Amino acid sequence: MAIEEMIEIESTAASLRIDLDMCDFNSVELPTGENCGIFSDDEDVYLYDDDQRETDSGFESVIIVDNLPIVSPEKFEKLEGVIRRIFSQFGVIKEDGIWMPIDPETNKTLGFCFIEFNTPQEAELAKKRRHGFKLDRAHTLAVIMFDDFDKFMGVTNEWSPPEIKSYKHEKNLLQWLTDEKARDQFLIRAATDTEVLWNDARQSKSELVYKRPHWTDSFVQWSPLGTYLATVHMEGAKIWGGPSSFDPLMRYDHPQFKLIDFSPGEKYLVTYSSHEPSNRSDANRVVIKIFDVRTGQMKRDFERSADEFAIAGVSWPVFRWGGGREDKYFAKLGKNIISVYETETFGLVDGRHLEVENVVDFIWSPTDPIIALFVPEMGGGNQPARVTLIQIPSKEEVRRKNLFNVSDCKMYWQSNGDYLAVKVDRYTKTKNTYTGFELFRIKERDISIEVLELDNKKDKIIDFAWEPNGHSFAIIHGDNPRPDISFYSMQTAKNVGRVSKLTTLKGKQANKLFWSPGGRFIVLAGLKGFNGQLEFFDVDELQTMSTAEHFMATDIEWDPTGRYVATSVTSVHEMENGFNIWSFNGKLLYRVMKDHFFQFLWRPRPPSVLTREKEEEIAMNLKKYSQKYECEDQDVSTLLSDQDRERRRMLKEEWINWVSEWRLAYMEEKSEREELIGEVSDEEEDEYEVEVEEVLNVSEELFRMDLGK
């Protein structure tokens, strides 16, 4: 025993007032099978269970990678380069740290290799992140630690029946959709609390579902179909779900991440973080990770300098999802390239980037694997700008439109992918600019294109928005303090295949457009400088249903059914924080004030499972189906009337009781008053003297004043 250890024991014994000379250490017996952390000096080797044995083999930093391609000698170097690029992201690979055994008979690789890292931690991380990684369609990597090899080789060849686990009932994450009142949920975040509530518009109030303080470190976000709620934490992201309790379902390891994004079908989760470099001259380091939502497994990560993720000012999300809710593709913009990845392998489609010289923007169709990309003018105008439609995965160009004298361009897809609107800002020979639209009919043969110009081509375009699931669109335009709003349709009874103007509303206090998810109805909103002016407009009837104001409103959002609208004032303003709930036609249903109000989010709904034919049948027989709900509405209205009458009756009864109490007290104090002021009759007590001032006449008379005297 070392001298230092003996001194420590004596010191501890002294503090406990134990005389070591009186202790018989030979009589100390440890429990059977236990050593209590005290090992015999005679033992050179300590025995452990095989599964718990700590090896000191010297191979703790080595991993084995299996299921590699079997290649001939001329491809050795290329394969080693691929392996090094894939695994060097997790640590430093030692010099000559990759060894691929060779079959002496064929002189080809055997399909596996050994990789040695600098530290065991790097090797463990590489094993964790790259096990199950799809190298290509035919090769999925299997990665283990070298020290685990004996354990796997020791698995018996004798079959034994698997353990039958008892059935575990999983919670229904979509149970909220079965609400008998067909209500929608929304989330609010104010101060340190996050709340999920029912919108009980019939009762003109909200009903609490779940409340949790300090639920997130910064913000929360619903998944696109409303199944999950994502929260942000220092160690990574978490998702929550369930009927009402919102239990934690999965966590995703990404320390200090700042942003989050879901794929449209909720299969994948993307997180983003930015880290300052140790050398100030270097750019920030950006880390983006893509996780499988259900399993929590990281499918792919990207670690680059911030400059590589900032081509042409690209904003979040860096990766844009395509192919509809199947989540088959995602892509990002690079310098002269668009990198399109497929989720089957999480590698590039066809192993190559989509090369497009000087491309500055692209946008996916919401429903089909089609990319619309924009390339500006080059060569001083000698090479025109162009908008191109590319089919994925074939990367075939399906339509192109060359554009001349272009200063800027912005693309807008309609929600069903039926139309694409391209807003084109052009300049004239005098260097003035004007705006027009190129309208692509995607579903038509050869994708026909129409040109739309406003009556006043010089009008500034303030906002543009397609009607969801419809054929119309709206434009706010003009240079006046009160701009005009024009409505157009891509399909009318008279012009089925040509764009037509429906109407123009002159001089409106609006700068933003908010369509109902079901189409037809739209809110013309005046935010910021217009202080929350609201106009609820019916596009089918071309008439205003109502006008209102939510002073200093910062955000407007329709509920997913298109029945209600929420307007809110967030903590951007110090006053009037809270939210209002309106009906689709602009009736204020209720108002909630909340200090330090940060977020209002309706819970999204998944698309209907009904076929188009079934929806059309319901629409045709709506009166029959609506009778049930009209009766329920009448019952609710009657209940509210009864409750209102009961409330008034209670207030009246409370007032009568209060008056009676004061009358009784007055009578009890009558004798005391008479002693102080003498006897007063009841008639005199009821008499009051009131002074009234009245102006009888007002006249003006002018007279001259000699200021010199």
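About the thresholds
- Residues numbered from 1 in each chain as written.
- Predicted model: local features only at pLDDT ≥ 70, side-chain atom pairs only at ≥ 80, totals over all residues.
- Heavy atoms only, no water.
- UniProt positions renumbered as here; feature names shortened; annotations may be inferred.
- Helix = DSSP H or I, 4+ residues; strand = E, 2+ residues; numbered from the N terminus.
- Buried < 20%, exposed > 50% of the residue type's maximum accessible area, 1.4 Å probe, protein only.
- Contact = heavy atoms within 4.5 Å.
- Pairing = 2+ DSSP bridges.
- Axes fitted to C-alpha atoms, helices over the stretch in contact; angles between N-to-C directions.
- Patch = residues over 30% accessible without salt bridge, like charges linked within 9 Å, V, L, I, M, F, W, Y side chains within 5 Å.
- Areas by Shrake-Rupley, 256 points an atom, 1.4 Å probe, with all protein chains shown as cover.
- Salt bridge = Lys/Arg side-chain N within 4 Å of Asp/Glu carboxyl O.

Under an unreviewed UniProt entry, the name given to the protein is Eukaryotic translation initiation factor 3 subunit B, and the organism recorded is Corchorus olitorius. UniProt annotates the protein under Subcellular location (unreviewed entry) with the comment "Cytoplasm". Looking at the protein in UniProt, the text filed under Subunit (unreviewed entry) is "Component of the eukaryotic translation initiation factor 3 (eIF-3) complex."

Attention now goes to the overall build of the protein. Broken down by element type, the protein carries eight helices and 43 strands. The buried share of the protein, reckoned over its 709 residues, is 39%. Here the analysis covers contacts within the protein between residues at least 6 apart in sequence; of these, 44% occur between residues at least 24 apart.

Here we take up the sheet that holds strand 6 (residues 142-145). Strand pairing in a sheet relies on backbone hydrogen bonds. The paired strands run either parallel or antiparallel. Read from one edge of the open sheet, four strands run 2-3-1-6, paired in antiparallel fashion. Edge positions in the sheet fall to strand 2 (93-99) and strand 6, since each has one partner strand and no second. The average undirected angle you get between the axes of adjacent strands in this sheet is 20 degrees. Here strand 1 (residues 62-66) pairs with strand 6 via four bridges, running antiparallel. Residue pairing for strand 6: D66 is matched across the bridge by A142.

Residues W655, I656, W658 and W662 make up a contiguous nonpolar surface patch of about 510 Å² in total accessible area. Mapped onto the elements, W658 comes out in helix 6 (residues 622-668). With a relative accessible area of 44%, W658 lands in the partly exposed category.

According to the stated counting rule, one finds 34 salt bridges in the structure shown. Here R183 and D200 are joined by a salt bridge, their closest N and O atoms 3.5 Å apart. Placement of the pair is R183 in the loop between helix 4 (149-153) and strand 7 (185-190) and D200 in strand 8 (residues 193-200), with a sequence separation of 17 residues. D200 carries the same exposure label as R183, and that label is buried.

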